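Observations on chain architecture
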Amino acid sequence: MSEPGAEHIEHFDHPEYTEHAGHPERAEHAVIVGAGIAGATAALTLRKEGYQGWITLVGAEAEAPYRRPPLSKDVLRGTMKSERIRLKPDAFWAEQAIELRTGSTATAIDTDASTVTLADGTALGYQKLVLATGSRPRALPQAAGVPGVHYLRSLHSATTLASALASRGPVVVIGGGLVGLEVAASARALGCAVSVLEAADRPMSRILPAWLADPLATLHQDRGVEIHTGVSVARIERHTRSKLSVTAADGRVWPAVVVVAAVGTVPETALAEAAGLPVANGIVVDEYGRTPAPGVFAAGDAASVPDLLHGGRRRGEHWNEAMEQGTAVAKTIVGDPTPYPLLPWSWSDQHGVTIQVCGRPELATEHEVHGDPESRDASVVFRLDGKVAAVVAMNRPTEFRTLRQLALAAQH
Ligand SMILES: Cc1cc2nc3c(=O)[nH]c(=O)nc-3n(C[C@H](O)[C@H](O)[C@H](O)COP(=O)(O)OP(=O)(O)OC[C@H]3O[C@@H](n4cnc5c(N)ncnc54)[C@H](O)[C@@H]3O)c2cc1C
């Protein structure tokens, strides 16, 4: 166990701090592990809220914080350069006296000594620690040991997949969730033949009721994407460098040049678990993002938060939720305890249709439709016990904004 304040621990005397910050009086150090949207938002909100301590944002990826949602959309289609997805200009972080350590992985936490150890051996002492380690794509067992099966999470994986799609060869996407369908739409827009293989009886079954998901599946089919449901993938084989095949348990075979596995995510919790923090499909926190360890918080895809509306716990897998959790944790740190928002919301873009979802439609008992879901131009208000519980919109962003406020107000 490390001694707090030991010689090798970087508390406040790191040369880079004194160089850029010019605040020798800083008394605290907040370390944020994970430079995704949750971690970056926590850092920025700490500064915005007047946090006077040092802030170190540690990110395993080589890039400064960037927006992940465009990866499956504009970045794959080649309509947005990777520089444009950066969250802030490079100089911004230092200007905010936030030390950004990219390409740096936190390997251990000692909650007794209040230190975080990095892969290069540096130990950072902290008074506040935010774990915003995000999630990673769920590994598809059938893809194990098969080179050339793509997963999409990072900018690096997106540029690799974009290069593979340049072959315009047949693409098989395994998984008909939001990311899988967005990849399918982008690959199709590039002129690839695309088949989506979904294990359930319809795509997006976790997110939307059938009567809203079906018109979206039809849209994909109209645009030339083949959707196969009830598919149990038995094996994936690579025959030559650019020739793969996916075989279903019932014997059907799909030849492919590119195979993409998009079968959900799992939270990055190894660091927290090794530190003895409770983990159950995410780092277990209260509604303020606090773990049981003093000064240690978690936010974003990595966190398992209490569902204050419906009971139990939930783990977000969406951009806004991760951002809002980063904000809430930072506010709590500066002494303005702020609970996580009650109603998470997300969006997806597929073949030019924007789908927005707030709350959990699957729990509702009644709904009211405005517009026409069949033509993907609609908003739907879902009620549970007479109270607005969820909202879904297709290509109605303005209406969605208003209805989401209504849904939020209904919870108080
Ligand atoms: C292709 C794609 C498209 C998406 N599209 C949408 C969309 O349209 N709408 C929507 O609402 N959501 C979308 N999402 C989901 C959304 O991007 C995520 O919910 C959000 O990025 C989660 O943010 P986060 O900060 O919690 O985690 P992440 O973005 O996963 O960031 C966590 C960071 O922590 C780093 N890290 C992990 N462990 C360590 C460690 N030990 N040391 C240092 N660093 C570490 C990781 O490398 C990563 O950079 C999409 C996701 C993907 C992958």
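Residues numbered from 1 in each chain as written. Predicted model: local features only at pLDDT ≥ 70, side-chain atom pairs only at ≥ 80, totals over all residues. Heavy atoms only, no water.

Okay, the nonpolar core next. A general tendency of soluble globular proteins is for nonpolar side chains to be buried together. Among the nonpolar cores identified, the biggest contains 51 residues, and Leu129 and Leu131 are the most heavily contacted of them. For Leu131, the residues in contact, after removing those within four places along its chain, are Val33, Ile109, Leu271, Ala272, Leu277, Ile283, Val296, Phe297, Ala298 and Ala299. Listed in part, the 41 residues of the second largest apolar core include Leu181, Ala187, Ala213 and Met394. (Core = buried A, V, L, I, M, F, W, Y, C linked by side-chain atoms within 4.5 Å. Buried < 20%, exposed > 50% of the residue type's maximum accessible area, 1.4 Å probe, protein only. Contact = heavy atoms within 4.5 Å.)

If you check the shell around the ligand, you find 34 residues, and the closest are Glu61, Arg68, Lys73, Arg153 and Asp301. Here an oxygen atom of the ligand and a backbone polar atom of Asp301 are 2.8 Å apart. For the ligand, an oxygen atom lies 3.1 Å from a polar atom in the backbone of Trp319. Protein chains bury 93% of the 1000 Å² of accessible surface belonging to the ligand in isolation. Sorting the residues of the shell around the ligand by element identifies α2 (37–48), α6 (178–189), α9 (319–333) and β23 (345–350) as the ones contributing at least two each. Per-class residue counts for the shell around the ligand are 15 nonpolar, 12 polar and seven charged. Lining the shell around the ligand are residues from two domains, each supplying at least three of them: domain 1 (9–136 + 266–333) and domain 2 (140–263). (Near = heavy atom within 4 Å. Polar contact = N/O pair within 3.5 Å; in protein donor to acceptor, adjacent residues only side chain to side chain. Areas by Shrake-Rupley, 256 points an atom, 1.4 Å probe, with all protein chains shown as cover. Helix = DSSP H or I, 4+ residues; strand = E, 2+ residues; numbered from the N terminus. Nonpolar A, V, L, I, M, F, W, Y, C, P; charged D, E, K, R; others polar. Domains from an automatic or database assignment.)

Before going further, it helps to spend a moment on helix α5 (residues 155–165). Spacing of three or four residues puts side chains on the same side of an α-helix, whose turn is 3.6 residues. Inspection of α5 places Leu155, Ser157, Ala158, Leu161 and Leu165 among the buried residues, and these make up the whole buried set. Looking straight down α5, one finds that the buried residues subtend no more than 155 degrees of arc, so they occupy a single side. In this structure, α5 carries His156 and Ser163 as exposed residues pointing more than 90 degrees from its buried face. In this structure, the buried residues of α5 make contact with α3 (74–77), β10 (149–150), β11 (171–174), α6 and β17 (258–261). (Arc of directions from axis to C-beta.)

Turning next to the sheet that holds strand β19 (residues 283–284). Reading across the sheet, the three strands line up as β19-β21-β22 and stay open at both edges, with mixed pairing between neighbours. Edge positions in the sheet fall to β19 and β22 (313–314), since each has one partner strand and no second. When strand β21 (residues 303–306) meets β22, the two strands line up antiparallel, connected through two bridges. Directly across from Val305, in β22, lies its bridge partner Arg314. (Pairing = 2+ DSSP bridges.)

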